[in-house]
Amino acid sequence: MLRLQEVTSKDSEATGALVIFGISGDLARKMTFHALYRLERRGRLTCPVVGVAMDDWTDEHLRAQARAAIEGLEPRFSKRVFTRLAQRLRYVRGNFEDQRTYGALKQALSGVQRPLFYLEIPPSLFGTVVKQLAAAGLTDGARVMVEKPFGYDIQSARKLNGQLREVLDEDQILRIDHFLGKEPVMDLQFLRFANDILEPVWNREHISAVQISMAEDFGVEDRGSFYDAVGALRDVVQNHLLQVMALAAMEPPAGADADDLRNKKTDVFRAVPELEPEHSVRGQYEGYRKVAGVGRRSTTETYVALRLAVDNWRWAGVPFFIRAGKAMAERVTEVRVVFRHPPHLAFLGRSARAEANQVILRIDPQPGLCLVLNSKGSEGRSSQPVHLDLSFAAELGRPAEPYERLIDDALRGDHRLFTREDTVEETWRIVQPLLDSPGPVLPYRQGTWGPSEAAGLVRGHPAWHEPWLPSPAGGQSTSRRATRRKP
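Draft legend 1. Spatial organisation of the sheet that holds strand β5 (residues 143–147). Strand order in the open sheet made by the six strands is β3-β2-β1-β4-β5-β6, with parallel pairing throughout. This sheet does not close on itself; its edge strands, each paired only once, are β3 (89–93) and β6 (173–176). Neighbour to neighbour, the strand axes of the sheet diverge by 20° on average, direction disregarded. Inspection of the sheet shows strand β4 (residues 116–119) paired to β5 by four bridges, in the parallel sense. Paired with Phe 117 across the two strands is Val 144, which belongs to β5.

Spelled out as C-alpha cells, the structure:
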C-alpha cells in the first residue's frame, strides 16, 4: 500500500495532507472529487487525500466512487490524470463521535505536518469533530475548513464560532462560501479599482441605486425537507449576496493580505443598519407546499427582496436592493449599478428623458459585463440605449471552478476568499430582524419574477430591471437587457 509520505509535497510550507470528513456525501460526489481532479490535472494537488466517513468503504471503493463522480462531470476525462489522483486517495472508516476514529486517522497521518481538515458535514458536528481532533493532538499547525451554513441565526452563529474557537485560533479556520470563488465575483474588485474611469464615479454623487439579483428557474425539487427549514434569506442572501454587496460597496484594501480585504468588507457590514422588516417582501411560489418534505402550512419564503442602506460617506442615500428567488422566469445572477439620470438638454432634441447609464456584471450564467450608454436613435433626434457587451469566457478564457479555486487556496493557506468570524456575525445581525418578525409570505406564479408587491419596495427609485440574459446561442443578448419590468 502506498504510504502517505510518498506522495507528500516536498514543499516544507505546503499542506501535508487533505482530510475530508464526510467524503461519502453529496458534496463530494457533486463538487469535491471533480475539483480535486482538476487540481491534479493542473499540477496543483501535491499532497495525499484522506477521506473519513461512516460508510463501509475501502480505499479501492473510495477510488471507484471518485472515478464515477468525475466521469459524470468531466467531458475530457483522462485516465492518466485520474490514476495520479487515485494514488493519493486513502479511506478511514469511523464514527465522528468515536475517539477510535481519530486514533486511526492519527496513524494514517503519521509523519504528516500541517494537515488541512475539510468538514463536509452538518454544522451540528463541527464542535464534536474539532474537539476530537484536538484531543488526538491533530490540530497543532493544522487548518480546518468548514462548509456553510455558519449558523441558523446570530445566536447559533456565535455559538458555532465559540465551539471552533475553543480549540482553534481564528487564523486556523477557513469558512468556505463557494460564491466567493466564482470568477465574476472576484472580478468586482478589478472592475472597480483597476479602472480609473469607474472608481471616481462609484459613489453617491453619481449612482442612484444598486440592484443585486439571484434568480433560479427551478424549484426546491427533492430538497423540500432541507429547504423548508432554511428559506431564501438564510440559503443565499445572508451569505452569498451580502458578500457580493460588500465587494460592490467596500473601500480599496490597503494591502494584499487576507485581513486587508476582509477588514474592508466587514467595515461595509458595520455601516449597514439592521434590516427593517417593512423594507422587505417575502414570497412563495405556487405549488411549493405540495413538494415532498414541505409543511402543508409552510410560511417559508422561496423569494425575498430587501432594501438595505450603507451609512458611510461613499454610499449615504444610495439604496441597495437585493432579491433572490426560486421557480422564476430565468436562471441568472447579476449586479446592476444604476447611475443618475442625465439632465434634460433641449439642444439634443429629446422629447423623453434619456435612460440612466448602467454597469451590469453577470455572475451566472455565461459571466460577462454590459455597459449601458445612450446614443442617437436611428430615426429622429431621440436618444436610444446602446449596450457594450463583454463575454469573460470569450475574452479571458475559462476560469477555475469555485471549489477548485477555494480548495487550492486552502491548501496554500490563502485566507482572502474565506469569511471571518466577525464578518459572519455582522451579516446575521443585519438580517436578524426579518428572522424575528418575518411578516406575510405572498404567493407568486412559477415562471415569473416574484410577487408583484416587490415593485413597491423600489418605489421612488429605479424600478426592478429584467436581468441581462445571454442569447440561446451562447452569445450576448441584444434585447430585454435593460428593460424595466412593469408592475
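Draft legend 2. Summary view of unusual backbone geometry. Along the chain, Lys 148 connects to Pro 149 via a cis peptide bond; the corresponding omega equals 10°. Located in the positive-phi region is Arg 114, a residue other than glycine, with phi close to 50°. You can see Arg 114 is positioned in the loop between α4 (99–108) and β4. Take Arg 114: its relative accessible area is 26%, and that puts it in the partly exposed class.

Draft legend 3. Inspection of the pairing of β4 at higher detail. Going residue by residue along β4, you find Leu 116 and Tyr 118 tucked away on one face and Phe 117 and Leu 119 tucked away on the opposite face as well. Here four bridges tie strand β1 (residues 18–21) to β4, and the two strands are oriented parallel to one another. In the sheet register, Ile 20 faces β4, and the bridge partner there is Tyr 118.

The rules behind these values
Residues numbered from 1 in each chain as written. Predicted model: local features only at pLDDT ≥ 70, side-chain atom pairs only at ≥ 80, totals over all residues. Heavy atoms only, no water. Pairing = 2+ DSSP bridges. Helix = DSSP H or I, 4+ residues; strand = E, 2+ residues; numbered from the N terminus. Axes fitted to C-alpha atoms, helices over the stretch in contact; angles between N-to-C directions. Buried < 20%, exposed > 50% of the residue type's maximum accessible area, 1.4 Å probe, protein only.

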